[in-house]
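One letter stands for each residue in the lines below.
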Amino acid sequence: MTPAPHADPGPPVLDLSGLTRRYGSLTAVDDVSLRLPAGARHAVIGPNGAGKTTLLNLIAGTDRPDRGTIALDGADITRTATARRSRLGIARSFQQPTVIGDLTVLDNVVLAGWPHHPERRGAWRSPSRYRRHTESARRHLETVGLADLAGRPASTLSHGQRRMLDLAAALAGEPRLLLLDEPAAGLTDGDIGRVLGILGALPAQVAVILVEHHVEVVAQLATTVTVLAAGRVLVTGPAREALAHPEVRDAYHGTGAASAAVAEAKG
């Protein structure tokens, strides 16, 4: 029987070509190329210092490459400002949650979503428009389990709650591309389960790039994986194959944790 042809994934949402970033004599990202179709669930893993966060910084625009290009939906955004990239649909969370402690939990999400809201112009002077905007923010808080804390100052939240608020703020922009930098770091098993549930319920068209040290989280969420080592791509491929790669197992101290995790998660 002739195998059925693979479905055309269509043009990539994100296309990285030859990205390189140096800091003096250190090459943090070295000739990295990557193409993500709409709806991709892609993890970037590797040891500390592999260049994972730098790669996210380059995509988000908080850092600029020394060489290479970044295209979003076919348009070159290599030199586009961070705020403009955000309006184009790129959102991210950070290793350390970026919340504004003096604002309430609700206002943090309102502020994060404001540049993207279709009724943002004049909404401060229109109670009905502002109400619709805050209702949208409350829905995101409900999604991450913080609706009951909407009126509390963000400074009073625990670490896990701040991580959830950071995720709600990222989702408030209704992104097409979501960049997540170690979203499970420091969370309890229950909170990790909630994060997996939230990300698993994202709209199918939203592409996700996940940087994460918890291999179990990678195995459950990602369908494709890129492994970085010393800034270069070691392996890119389906999660099962990439996590079972001998050099990836070596990076996890030869314990077989990577292959065991993907086998358990995707059976």
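This structure is a prediction, so every number in the text was calculated from the model and none was measured. (Residues numbered from 1 in each chain as written. Predicted model: local features only at pLDDT ≥ 70, side-chain atom pairs only at ≥ 80, totals over all residues. Heavy atoms only, no water.)

(A) Up close: the packing of helix α5 (residues 159-171) against helix α6 (residues 189-200). Where α5 meets α6, the closest approach of the two axes is 11 Å, and the angle between their N-to-C directions is 10°. Classified by the interaxial angle, the pair formed by α5 and α6 is roughly parallel. Residue-level contacts link Gly 160, Met 164, Leu 167 and Leu 171 of α5 to Asp 191, Arg 194, Val 195, Ile 198 and Leu 199 of α6. (Axes fitted to C-alpha atoms, helices over the stretch in contact; angles between N-to-C directions. Helix = DSSP H or I, 4+ residues; strand = E, 2+ residues; numbered from the N terminus. Parallel < 35°, antiparallel > 145°, perpendicular 65-115°, else oblique. Contact = heavy atoms within 4.5 Å.)

(B) Up close: empty space enclosed by the protein. By the definition in use, this model includes one cavity of 30 Å³ or more. Estimates place the volume of the largest cavity at around 70 Å³. Forming the boundary of the largest cavity are Ser 93, Phe 94, Arg 163, Met 164, Asp 166, Leu 167, Leu 180, Pro 183, Leu 187 and Val 195. With four residues, the top contributor of residues to the lining of the largest cavity is α5. Looking at the lining of the largest cavity, its residues break down into seven nonpolar, one polar and two charged. (1 Å grid on protein atoms, 1.4 Å probe; cavity = no way out; pocket = protein on both sides within 12 Å on 5 of 7 lines; lining within 4 Å. Points joined across faces, edges and corners; volume = space filled by probe spheres on them. Nonpolar A, V, L, I, M, F, W, Y, C, P; charged D, E, K, R; others polar.)

(C) Summary view of the sheet that holds strand β10 (residues 232-238). Taken in spatial order, the six strands of this open sheet run β6-β7-β8-β3-β9-β10, and their pairing is mixed. Looking at strand neighbours, the two that pair on one side only are β6 (90-92) and β10, the edges of this open sheet. Across the sheet, the axes of successive neighbouring strands diverge by a mean angle of 15°, strand direction being ignored. As paired strands, strand β7 (residues 177-181) and strand β8 (residues 207-211) are joined by five bridges and run parallel to one another. Bridge assignment links Leu 178 to a residue of β8, and that residue is Val 208. Most of the contacts of helix α1 (residues 52-60) go to β7, to which it runs at about 150°, and overall it touches β3 (41-45), β6, β7, β8 and β9 (224-229). The sheet contacts of α5 involve β6 and β7, and relative to β7 the element is tilted by about 160°. (Pairing = 2+ DSSP bridges.)

(D) Main features of the pattern of salt bridges. The tally for this structure, following the rule as stated, stands at six salt bridges. One salt bridge connects Asp 15 with Arg 35, and the closest N-O pair in it is separated by 2.9 Å. With Asp 15 in strand β1 (residues 14-23) and Arg 35 in strand β2 (residues 26-36), this pair connects stretches of sequence that are 20 residues apart. Here Arg 176 ties to Asp 73 by a salt bridge, and the two come within 2.6 Å at their closest N and O atoms. You can see Arg 176 sitting in the loop between α5 and β7 and its partner Asp 73 sitting in the loop between β4 (67-72) and β5 (75-76), a full 103 residues away along the chain. (Salt bridge = Lys/Arg side-chain N within 4 Å of Asp/Glu carboxyl O.)

(E) Representation of the sheet that holds β5. Across the sheet, four strands lie side by side as β2-β1-β4-β5; this open sheet has antiparallel pairing. In this open sheet, the two strands that pair with only one neighbour each are β2 and β5. As defined by bridge partners, β1 adjoins β4 across five bridges and the pair is classed as antiparallel. Bridge pairing in β4 links Thr 20 to Arg 67. In this fold α1 packs onto β1, β2 and β4, with an angle of close to 120° to the strand it touches most, β1.

(F) Summary view of the environment of Asp 107. Among the secondary structure elements, Asp 107 is positioned in helix α3 (residues 105-113). Here Asp 107 falls in the partly exposed class, since its relative accessible area comes to 28%. Separated by 30 residues in the primary sequence, Asp 107 and Ala 137 have C-alpha atoms spaced 8.3 Å apart. (Buried < 20%, exposed > 50% of the residue type's maximum accessible area, 1.4 Å probe, protein only.)

(G) Up close: the layout of surface pockets. In this structure, the largest pocket occupies an estimated 570 Å³ of space. Along its surface, the largest pocket is lined by 24 residues, and Ser 86, Arg 92, Phe 94, Ala 112 and Ala 169 are the ones closest to its centre. At five residues, helix α2 (residues 82-88) tops the list of elements feeding residues into the lining of the largest pocket. Residue composition of the lining of the largest pocket, grouped by class: 13 nonpolar, seven polar and four charged. Approximately 210 Å³ is the volume attributed to the second largest pocket. Along its surface, the second largest pocket is lined by His 140, Thr 143, Leu 171, Glu 174, Pro 175, Arg 176, Ile 198, Ala 201, Leu 202, Pro 203, Gln 205 and Val 206.

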